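Each chain is listed here by its residues.
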Amino acid sequence: AQTVTQSQPEMSVQEAETVTLSCTYDTSESDYYLFWYKQPPSRQMILVIRQEAYKQQNATENRFSVNFQKAAKSFSLKISDSQLGDAAMYFCAYRLSGTASKLTFGTGTRLQVTL
Amino acid sequence: DTAVSQTPKYLVTQMGNDKSIKCEQNLGHDTMYWYKQDSKKFLKIMFSYNNKELIINETVPNRFSPKSPDKAHLNLHINSLELGDSAVYFCASRDYNEQFFGPGTRLTVL
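Here is what the cut-offs are and how they apply
Residues numbered from 1 in each chain as written. Chains lettered and ligands numbered in written order. Predicted model: local features only at pLDDT ≥ 70, side-chain atom pairs only at ≥ 80, totals over all residues. Heavy atoms only, no water. Contact = heavy atoms within 4.5 Å. Buried area = accessible area lost by both parts, 1.4 Å probe. Salt bridge = Lys/Arg side-chain N within 4 Å of Asp/Glu carboxyl O. Polar contact = N/O pair within 3.5 Å; in protein donor to acceptor, adjacent residues only side chain to side chain. Helix = DSSP H or I, 4+ residues; strand = E, 2+ residues; numbered from the N terminus. Buried < 20%, exposed > 50% of the residue type's maximum accessible area, 1.4 Å probe, protein only. Disulfide = S-S within 2.5 Å. Pairing = 2+ DSSP bridges.

Asker: Explain the interface of chain A and chain B here, please?
Answerer: Often the size quoted for an interface is simply the accessible area lost on bringing the parts together. Counting residues at the interface gives 23 residues for chain A and 27 residues for chain B. In this assembly, chain A packs against chain B so that about 2000 Å² is buried in total across both faces, 52% of it on carbon and sulfur atoms. Sorting the residues of chain A by area buried against chain B places A:Arg43, A:Lys102 and A:Phe105 first, and these three jointly supply 31% of that buried surface. At the junction of chain A with chain B, the criterion picks out one salt bridge. Between B:Glu58 and A:Lys102 there is a salt bridge, with the nearest N and O atoms lying 3.1 Å from each other. Inspection of the chain A/chain B interface yields 12 residue pairs in polar contact (both at pLDDT 80 or more).

Right, here's the structure in full:
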């Protein structure tokens, strides 16, 4: 069974600084997707970034980028120039390719952004 | 032009009652899901439907019964509610790359 581990229950970063959230996963499959979701206090689940496992290039979305290490099964999220609006729960998730696939989530990291 | 909508957003009820949560998506997706987020924020899949057919059924008590009248709708009916059913329930639909989540329904069982 696939598992996703987020070892940092809470992180804190100062506004305008950079923070990295860690995620590791366990799978024996080769064709899968990895995601980072943001959940602010409104509880809406918002997709931050997606990485296809077959792509070697790390995904980037504006201030958000990932460090995808397939062999090490590691998928960390870097947030640059942190803003107050980045404060939220961040979930790492894994999904196999294919129709009958589901998201498997990590336990989440609560990110606090301070002035 | 909400993509995935759920009703109600909040539901407070007594133990033993039966309740339903409705979900609709206007994205034209074939696959829909129900996820449960517990009090510790852990998210777990419950069910998935593809074109009205059940394709994922995780270890969920049979008091929970999903129903998909058409591929745009996936409802969740819960019988004999228990205190432990208190959680946030998320509906989602999926295209090839991404899952789109509804706003969640916070269920509180008293």
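Asker: How should I be thinking about the side chain of B:Gln25 in this particular structure?
Answerer: All names here are of chain B. Locating Gln25 in the fold gives a position in strand β3 (residues 19-25). At 3.0 Å, the side chain of Gln25 forms a polar contact with the backbone nitrogen of Leu27. In this structure, Gln25 is in contact with Ala3, Val4, Met32, Lys71, Ala72 and Ser93, ignoring residues within four places of it in sequence.

Asker: It is not clear to me how the pattern of salt bridges should be interpreted in this structure. Could you clarify?
Answerer: Under the counting rule described, the total for this entry stands at nine salt bridges over all chains. B:Arg63 is the partner of B:Glu82 in a salt bridge, and the nearest nitrogen-oxygen pair spans 3.5 Å. Here the residue B:Glu82 occupies a position in the loop between β8 (73-78) and β9 (87-94), and B:Arg63 occupies one in the loop between β6 (53-57) and β7 (64-70), the gap between them amounting to 19 residues. We classify B:Glu82 as partly exposed; its relative accessible area is 42%. On the accessibility criterion, B:Arg63 (13% relative accessible area) is buried. A network of salt bridges, in which partner residues are shared, links A:Arg50, A:Glu52 and A:Lys55.

Asker: Would you take a moment to explain unusual backbone geometry for this structure?
Answerer: The bulk of non-glycine residues show a negative phi, and the bulk of peptide bonds are trans. Geometrically, the link from B:Thr7 to B:Pro8 is a cis peptide bond, its omega value of -5 degrees lying close to zero. Within the secondary structure, B:Pro8 is located in the loop between β1 (4-7) and β2 (10-13). The phi angle at A:Ala16 is positive, at roughly 80 degrees, despite the residue not being glycine. Mapped onto the fold, A:Ala16 is located in the loop between β2 (10-14) and β3 (19-21). Owing to a relative accessible area of 47%, A:Ala16 belongs among the partly exposed residues under this scheme. Not every positive phi belongs to a glycine, and B:Asn51 is a case in point at roughly 50 degrees. Relative to the helices and strands, B:Asn51 is located in the loop between β5 (43-50) and β6.

Asker: Explanation requested: the state of the cysteines in the structure shown.
Answerer: Simply put, the disulfide is a covalent bond whose two ends are the sulfur atoms of two cysteines. Residue and element names in this part refer to chain B. Following the criterion strictly, the structure yields two disulfides over all chains and no others. Paired by a disulfide, Cys23 and Cys91 hold their sulfur atoms 1.8 Å apart. The sign of the -75 degrees torsion about the S-S bond sets the Cys23-Cys91 disulfide as left-handed. Taken together, the positions of Cys23 in strand β3 and Cys91 in strand β9 put the pair 68 residues apart, joining distant regions of the chain. On the basis of relative accessibility, which here comes to 1%, the residue Cys23 falls in the buried class.

Asker: Please explain the pairing of β8(B) as it appears in this structure.
Answerer: Within a regular beta strand, the side chains point alternately toward one face of the sheet and then the other, so they alternate between its two faces. Residues and elements named next belong to chain B. Relative to β8, β3 runs antiparallel, the two sharing four bridges. Across the sheet, the residue bridging to Ser20 is His77, located in β8. For β7 and β8, the ladder comprises five bridges, and the chain directions are antiparallel. The residue of β8 that forms the bridge with Pro66 is Leu76.

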